[in-house]
Amino acid sequence: MGAVQAEIVGDGGQLCRVFADALPAPSPCVDAAPGASVSWDRQISVGIGAEGRASNRLEVRSALGSEIVRRLNPELDTVYVPQGRLITGPNGARGWVYLPETTTQPPPVVVIPYPGKTYPTAPRAMTPEAVQMTLNGGLLVAAGYAVIYPDLPANAEPSAGLADRILAVVDAAAVDGSIDADRIGLWGHSFGGWSVVMSAAQSERFKAVIAVNGAYNLPLSLSAMSPHQRMQGDNTIDAISGARWLETGQAGMLQSFWSDPERYRRGSPFEAADRIAAPVLLFHGELDFLGAHAEQMYAALVRLRKPAALTYLFGEDHSIHNPGNARIYYEQVIDWFDRYLKPETPRSSPAIAAATPPSTPG
């Protein structure tokens, strides 16, 4: 019967083999990354890095040192990866800011808020290995924008003082002159989409807004039905899901619409459309369940003669997955922010959010 053995992490993070009895003598420890394959006879390990660009390198480690035997997409090693800086300010204002690699003046800033979310450490969405097609802050940093992720802990009424809470983080980041707090954009998805339009109705300091698949008229969420469930006849499921989200979920209404309709009105950007000054670009996934919200919000802004645009992303559900849609989406996102936050920057094409014809062979 063989000796009972186990592997443990020893000093310096090395992987060591130990035995239940004194014989045979313990094998020497091996320098091994998490998840690596180990040859105890040859005293080597073969593995990949744990995070960032290191996760695209195959490395052999031994007592003689380490050697990278394979690199995936080595050209990406030269790409600038922004590092988050913690922001703190008065009254608990807190968040993370990311700055472009080089700027000749303080860059405009785009805030990516999500009510109820806080970031004890730097947002994972900004790490190179994160797969994030719907709100990729790194692409905005590459386009010359500062990006801020604010802490927005839950409060008694999600809409109460929302813009002020966001602006407190922006102003704290601007204290050292590293960002331009007079050129602020907002970008949000889902409940974050609701938050950016709601914030625009509370302050004129925001100069451009982009919202993706948000809920803008809260009572309407009771009837928000996805095409999938509509075809399956799941009417009751949709109604129950909408009520749950409104009353006990993110929307934080805490009671039915009929018990306190004014609370719902205060939390609905649609009701405050006449107070929105910033240009608003709305995106809607064709298969998402919030289509009526986007259309109603867009119609309100058009009726009020506010600068607004609505883009449908066909084939998409609540998030963005299709590479072709992602290309069109980010072209319009960057064009919209460039138009209203960088008006001095020449553009090769008009910054509009009109429908783009499909490509054709040839």
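What counts, and at which threshold
Residues numbered from 1 in each chain as written. Predicted model: local features only at pLDDT ≥ 70, side-chain atom pairs only at ≥ 80, totals over all residues. Heavy atoms only, no water. Pairing = 2+ DSSP bridges. Helix = DSSP H or I, 4+ residues; strand = E, 2+ residues; numbered from the N terminus. Axes fitted to C-alpha atoms, helices over the stretch in contact; angles between N-to-C directions. Buried < 20%, exposed > 50% of the residue type's maximum accessible area, 1.4 Å probe, protein only. Right-handed = clockwise from strand over helix to strand, strands pointing away. 1 Å grid on protein atoms, 1.4 Å probe; cavity = no way out; pocket = protein on both sides within 12 Å on 5 of 7 lines; lining within 4 Å. Points joined across faces, edges and corners; volume = space filled by probe spheres on them. Nonpolar A, V, L, I, M, F, W, Y, C, P; charged D, E, K, R; others polar. Patch = residues over 30% accessible without salt bridge, like charges linked within 9 Å, V, L, I, M, F, W, Y side chains within 5 Å. Areas by Shrake-Rupley, 256 points an atom, 1.4 Å probe, with all protein chains shown as cover. Salt bridge = Lys/Arg side-chain N within 4 Å of Asp/Glu carboxyl O. Phe/Tyr/Trp six-rings, centres within 6.5 Å; stacked < 30°, edge-to-face > 60°. Lys NZ or Arg CZ within 6 Å of the ring centre and 35° of its normal. pLDDT = per-residue confidence, 0-100. Contact = heavy atoms within 4.5 Å. Expected span 1.5 Å × (residues − 1).

Draft legend 1. Up close: the sheet that holds strand 14 (residues 308-313). Judged by pairing direction, the sheet is mixed, and its eight strands sit side by side in the order 7-8-10-9-11-12-13-14 without closing on themselves. Looking at which strands have only one partner, the edges of the open sheet turn out to be strand 7 (85-88) and strand 14. With direction set aside, neighbouring strand axes in the sheet form an average angle of 20°. In this structure, strand 9 (residues 108-111) lies alongside strand 10 (residues 146-150), joined through three bridges in parallel fashion. Bridge pairing links valine 111 to isoleucine 148 in strand 10.

Draft legend 2. Inspection of the pairing of strand 10 at higher detail. For strand 10, the buried fraction is high: five of the five residues fall into the buried class. Here strand 10 shows no split at all, with Ala146, Ile148 and Pro150 on one side and Val147 and Tyr149 on the other all buried. Note that strand 8 (residues 94-98) and strand 10 share four bridges and pair antiparallel. The residue of strand 10 that forms the bridge with tyrosine 98 is valine 147. In this fold, strand 9 hands off to helix 1 (residues 137-142), which returns the chain to strand 10; that crossover is right-handed.

Draft legend 3. Region of interest: empty space enclosed by the protein. Per the stated rule, a full pass over the model turns up one cavity of 30 Å³ or more. For the largest cavity, the calculated volume is near 40 Å³. Within the residue set of the lining of the largest cavity, elements represented by two or more residues are strand 4 (44-48) and strand 5 (57-62). Of all the elements, strand 4 adds the most residues to the lining of the largest cavity, at four residues. Across the lining of the largest cavity, the residue classes tally to five nonpolar, two polar and two charged.

Draft legend 4. Expanded view of the pairing of strand 5. In this structure, strand 4 lies alongside strand 5, joined through four bridges in antiparallel fashion. Counted as the bridge partner of isoleucine 48 is leucine 58 from strand 5. Bridge count for strand 5 against strand 6 (residues 65-71) is six bridges, and the pairing is antiparallel. Bridge pairing in strand 6 links glutamate 59 to isoleucine 68. Taking the residues between adjacent antiparallel strands as the criterion, strand 5 and strand 6 are bridged by two residues.

Draft legend 5. Region of the structure containing a nonpolar patch on the surface. Residues Val46, Ile48, Leu58 and Val69 make up a contiguous nonpolar surface patch of roughly 290 Å² in combined accessible area. In this structure, isoleucine 48 sits in strand 4.

Draft legend 6. Geometry of the packing of aromatic side chains. One pass over the full model with this rule turns up 14 aromatic pairs. Ring geometry for tyrosine 145 and phenylalanine 337: centres 6.1 Å apart, planes at 55°, overall tilted. Of this pair, tyrosine 145 sits in the loop between helix 1 and strand 10 while phenylalanine 337 is found in helix 8 (residues 323-341), placing the two residues 192 residues apart along the sequence. With a relative accessible area of 0%, phenylalanine 337 lands in the buried category. Three or more aromatic residues joined by ring pairs form one cluster here, namely Tyr114, Phe191, Trp194 and Trp245. Positioned above the aromatic ring of tyrosine 145, the side-chain terminus of lysine 342 is 4.3 Å from the ring centre.

Draft legend 7. Molecular detail of the confidence of the model for the protein. Overall, the predicted model of the protein reaches an average pLDDT of 85, with 83% of residues at or above 70. Scored below 50 in pLDDT, residues 350-362 shows 14 contacts in the model against residues more than four places distant or in partner chains.

Draft legend 8. Here's a closer look at helix 7 (residues 291-303). Taking 1.5 Å of rise per residue, the 13 residues of helix 7 would be expected to cover 18 Å, and the 18 Å separating its terminal C-alpha atoms lies within 8% of that figure. When helix 7 is considered as a whole, its buried residues turn out to be Gly291, His293, Ala294, Met297, Ala300 and Leu301. Buried residues belonging to helix 7 abut helix 3 (191-200), strand 13 (280-285) and strand 14.

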